[in-house]
Amino acid sequence: QVQLVESGGGLVQAGGSLRLSCAASTRIFGSYAMGWFRQAPGKEREFVAAISWKGSSTYYADSVKGRFTISRDNAKNTVSLQMNSLKPEDTAVYYCAVGIGASSASYYSRQEKYQYWGQGTQVTVSS
């Protein structure tokens, strides 16, 4: 069973930075995509960023392009999200997810392609 735990959330002023990390409780055998999603109060959960198993392909929501960077360390089964130039609209609970078999570019942003999810970490950006 794969357990995911996010960390790094907190309160930051607009324009500041945060780095989120997600660690799996055990090594995951095989290839899989890893992604980040977020859910703001009163809104549906949305795609933020994803990275392929090799780490050579990354995908970002238009709202975070140029500000967020996703990376992974397969040996440690971790994925990180560096968030710069944060805006109040980035305030949300951020979730890490693992997608086994999400190997198509069109799949990375689809929540149904991810099998394992973390409990989320709160990110609050003040204006």
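Everything below is about the structure shown above.
Summarised in this report is the structure supplied together with it.

Cut-offs applied
- Residues numbered from 1 in each chain as written.
- Predicted model: local features only at pLDDT ≥ 70, side-chain atom pairs only at ≥ 80, totals over all residues.
- Heavy atoms only, no water.
- Helix = DSSP H or I, 4+ residues; strand = E, 2+ residues; numbered from the N terminus.
- Rg over C-alpha atoms; globule rule 2.2 N^0.38 Å.
- Buried < 20%, exposed > 50% of the residue type's maximum accessible area, 1.4 Å probe, protein only.
- Areas by Shrake-Rupley, 256 points an atom, 1.4 Å probe, with all protein chains shown as cover.
- Core = buried A, V, L, I, M, F, W, Y, C linked by side-chain atoms within 4.5 Å.
- Contact = heavy atoms within 4.5 Å.
- Pairing = 2+ DSSP bridges.
- Axes fitted to C-alpha atoms, helices over the stretch in contact; angles between N-to-C directions.
- Disulfide = S-S within 2.5 Å.
- Phe/Tyr/Trp six-rings, centres within 6.5 Å; stacked < 30°, edge-to-face > 60°.

### Observations regarding the overall build of the protein
Then, in step 1: Within the protein, the secondary structure is distributed over zero helices and eleven strands.
Then, in step 2: Element order for the protein, N to C, with α for helix and β for strand: β-β-β-β-β-β-β-β-β-β-β.
Then, in step 3: At 14 Å, the protein has a C-alpha radius of gyration in line with the 14 Å of a compact globule built from 127 residues.
Then, in step 4: By principal-axis analysis of the C-alpha atoms, the protein measures approximately 40 × 30 × 25 Å.
Then, in step 5: Residues counted as buried form 41% of the 127 residues belonging to the protein.
Then, in step 6: Carbon and sulfur atoms make up 46% of the accessible area of the protein, which amounts to about 6,600 Å² in all.

### So, the nonpolar core
Then, in step 1: With 37 residues, the main nonpolar core has Trp36, Val48, Phe68, Val79, Leu81, Met83 and Tyr94 as its most contacted residues.
Then, in step 2: Of all the secondary structure elements, the ones that give two or more residues to this core are strand E3 (18-24), strand E4 (33-39), strand E5 (46-51), strand E7 (68-73), strand E8 (78-83), strand E9 (92-99) and strand E11 (121-126).
Then, in step 3: If we ignore the near neighbours within four places in the chain, the residues touching valine 79 are Leu20, Ser21, Cys22, Met34, Trp36, Ile51, Ile70, Ser71, Arg72 and Cys96.

### A few points about the sheet that holds E8
Then, in step 1: A sheet is described by the order of its strands in space; here four strands give the open sequence E1-E3-E8-E7, paired in antiparallel fashion. Every interior strand has two partners, whereas the edge strands, strand E1 (4-7) and E7, have only one. Adjacent strand axes in the sheet meet at a mean angle of 15°, parallel and antiparallel pairs treated alike.
Then, in step 2: Relative to E3, E1 runs antiparallel, the two sharing four bridges. Bridge pairing in E3 links serine 7 to serine 21.

### Describing the state of the cysteines
Then, in step 1: Taken as a whole, this structure holds one disulfide when the rule is applied.
Then, in step 2: Here cysteine 22 engages in a disulfide with cysteine 96; their sulfurs sit 2.1 Å apart. Because the sign of the S-S torsion sets the handedness, a value of about -80° for the bond joining cysteine 22 and cysteine 96 places this disulfide among the left-handed ones. Of this pair, cysteine 22 sits in strand E3 while cysteine 96 sits in strand E9, and the two are 74 residues apart along the sequence. Taken as a pair, cysteine 22 and cysteine 96 share a single burial class, namely buried.

### Description of the packing of aromatic side chains
The relative placement of two aromatic rings is captured by the distance of their centres and the angle of their planes.
Then, in step 1: Under the defined criterion, the tally for this structure stands at five aromatic pairs.
Then, in step 2: Aromatic side chains phenylalanine 37 and tyrosine 114 sit 5.2 Å apart centroid to centroid with 80° between the ring planes, which places their arrangement in the edge-to-face category. Taken together, the positions of phenylalanine 37 in strand E4 and tyrosine 114 in the loop between E9 and strand E10 (116-117) put the pair 77 residues apart, joining distant regions of the chain.
Then, in step 3: Overall, phenylalanine 37 belongs to the buried group, its relative accessible area being 0%.
Then, in step 4: Residue tyrosine 114 is classed as buried on the basis of its relative accessible area of 5%.
Then, in step 5: When the ring of tyrosine 59 is compared with that of tyrosine 108, the centres are 4.5 Å apart and the planes differ by 25°; the resulting orientation is stacked. Residue tyrosine 59 is located in strand E6 (residues 58-60), and its partner tyrosine 108 is located in the loop between E9 and E10; the two are separated by 49 residues in the primary sequence.
Then, in step 6: A residue is classified by how much of its surface remains accessible, and tyrosine 59, at 25% relative accessible area, is partly exposed.

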